[in-house]
Amino acid sequence: MWVIAISHRKPRALAVDDDRGVRQALALGLELEGFDTTVVSDAEQALASYDVQLPDVLILDVTLPKMSGVEMVRRLRSMGSTVPVCMLSARDEVDDRVAGLAAGADDYVVKPFSIGELAARLHALVRLHEASGHSPLLLGDLVIRPAQRTAARAGQALNLTTREFDLLLAFARHPGQVLSRTQLLAQVWGYTWRVDTNVVDVFIGYLRKKLEEDNRTRIVHTVRGVGFVLRTETTS
């Protein structure tokens with residue numbers, strides 16, 4: 001009788017923070033939460049480690065020596081990397097946090113943070129990133145290819161970040177259906193608990209800007225007091 005051993009690999013987390021105490025807490029806490037964790041103190045070390053072994057998720061402090069976390073996210077996205085990124089920031093770094101999201105980060109956690117909550121968010125990022133679709137979705141002049149994680153409108157490719165693509169995909173899988181902020185937080189960010197954040201509205205703004213380039217008509221609409229809906233010629 002043959003026995004086949006199946007290996008369930010831990011997700012690889014790469015954490016970047018210049019505070020030694022934070023690095024130690026992340027190394028120990030995330031290992032206990034099921035991650036194979038590497039910690040480094042600056043972006044240059046992170047990029048070197050990234051080149052050796054691709055992480056499943058990146059935890060990145062906003063303020064780093066030599067190269068900021070925002071600059072590192074921008075560099076990774078310019079290289080075509082889609083690795084999920086969670087930013088760490090102090091409460092008074094709102095502008096930097098917004099800049100990180102605009103550069104392509106997927107989530108942020110404010111210091112001081114709970115390792116348990118951070119780990120839950122990271123697991124959600126990994127799970128959502130690994131989830132893949134198959135057949136292209138055709139909605140009016142919008143074409144989405146989930147397996148390739150690409151989208152185009154009116155024949156023009158949309159340069160979407162990882163989170164913007166996930167948000168568009170959530171709408172495309174529920175065309176004509178109004179999705180509340182709570183539903184979007186669960187489907188796109190993986191949050192199954194109460195979260196006080198305007199992250200949905202922020203990313204709706206980013207997504208609309210790219211969908212509406214070249215004076216294209218609006219297809220992601222706000223339903224006041226309820227949520228948001230994707231309406232195209234085929235769903236109106």
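This one's a predicted model, so the numbers in the text were calculated from it and none came from an experiment. (Residues numbered from 1 in each chain as written. Predicted model: local features only at pLDDT ≥ 70, side-chain atom pairs only at ≥ 80, totals over all residues. Heavy atoms only, no water.)

Notes on the packing of aromatic side chains
Within the structure shown, the criterion is met by 2 aromatic pairs. The interplanar angle of 70° and the centroid separation of 5.6 Å between the aromatic rings of W189 and F203 together place this pair among those described as edge-to-face. Highlighted residues: W189 in helix α7 (residues 181-189) and F203 in helix α8 (residues 199-211), separated in sequence by 14 residues. Residues W189 and F203 agree in their burial class; the two are buried. Note on F203 and Y206: the rings are 5.4 Å apart at their centroids and 80° apart in plane angle, and the pair reads as edge-to-face. One end of the pair is F203 and the other is Y206, both in helix α8 and 3 residues apart, which spans about a single turn. (Phe/Tyr/Trp six-rings, centres within 6.5 Å; stacked < 30°, edge-to-face > 60°. Helix = DSSP H or I, 4+ residues; strand = E, 2+ residues; numbered from the N terminus. Buried < 20%, exposed > 50% of the residue type's maximum accessible area, 1.4 Å probe, protein only.)

Describing the layout of surface pockets
Size it by volume and the largest pocket reaches roughly 470 Å³. Broken down by secondary-structure element, the contributors of at least two residues to the lining of the largest pocket are α4 (94-103), α6 (162-172) and α8. Its residues assigned to classes, the lining of the largest pocket shows 6 nonpolar, 9 polar and 5 charged. (1 Å grid on protein atoms, 1.4 Å probe; cavity = no way out; pocket = protein on both sides within 12 Å on 5 of 7 lines; lining within 4 Å. Points joined across faces, edges and corners; volume = space filled by probe spheres on them. Nonpolar A, V, L, I, M, F, W, Y, C, P; charged D, E, K, R; others polar.)

Details of the side chain of R208
With respect to the secondary-structure elements, R208 resides in helix α8. Discounting residues that sit within four places of it in the chain, R208 has contacts with R218, V220, H221, T222 and F228. (Contact = heavy atoms within 4.5 Å.)

Re the sheet that holds strand β6 (residues 137-139)
Sheets are built from strands that pair by backbone hydrogen bonding, the pairs being arranged parallel or antiparallel. Taking strand neighbours across the sheet as the criterion, the 4 strands line up as β6-β7-β8-β9 in an open arrangement whose pairing is antiparallel. Every other strand in the sheet has two partners, leaving β6 and β9 (156-157) as the edge strands with one partner each. Judged from the 4 bridges that link them, strand β7 (residues 142-145) and strand β8 (residues 150-153) form a sheet pairing that is antiparallel. Its bridge partner being in β8, I144 is matched across the sheet by A151. (Pairing = 2+ DSSP bridges.)

Topic: the pattern of salt bridges
What the rule picks out here adds up to 14 salt bridges. Note that K111 is salt-bridged to D61, the shortest N-O span being 3.2 Å. Highlighted residues: K111 in the loop between β5 (107-110) and α5 (115-130) and D61 in strand β3 (residues 57-61), separated in sequence by 50 residues. Between D166 and R149 there is a salt bridge whose closest N-O contact spans 2.8 Å. (Salt bridge = Lys/Arg side-chain N within 4 Å of Asp/Glu carboxyl O.)

Side note on unusual backbone geometry
Of the consecutive residues K111 and P112, the connecting peptide bond is found in the cis state with omega at -10°. Within the secondary structure, P112 sits in the loop between β5 and α5. Not every positive phi belongs to a glycine, and K66 is a case in point at roughly 70°. Mapping K66 onto the fold places it in the loop between β3 and α3 (69-78). In this structure, N215 is a non-glycine residue whose phi angle is positive, near 60°. Assignment of secondary structure puts N215 in the loop between α8 and β10 (220-223). Exposure remark for N215: the relative accessible area of 79% places this residue in the exposed category.

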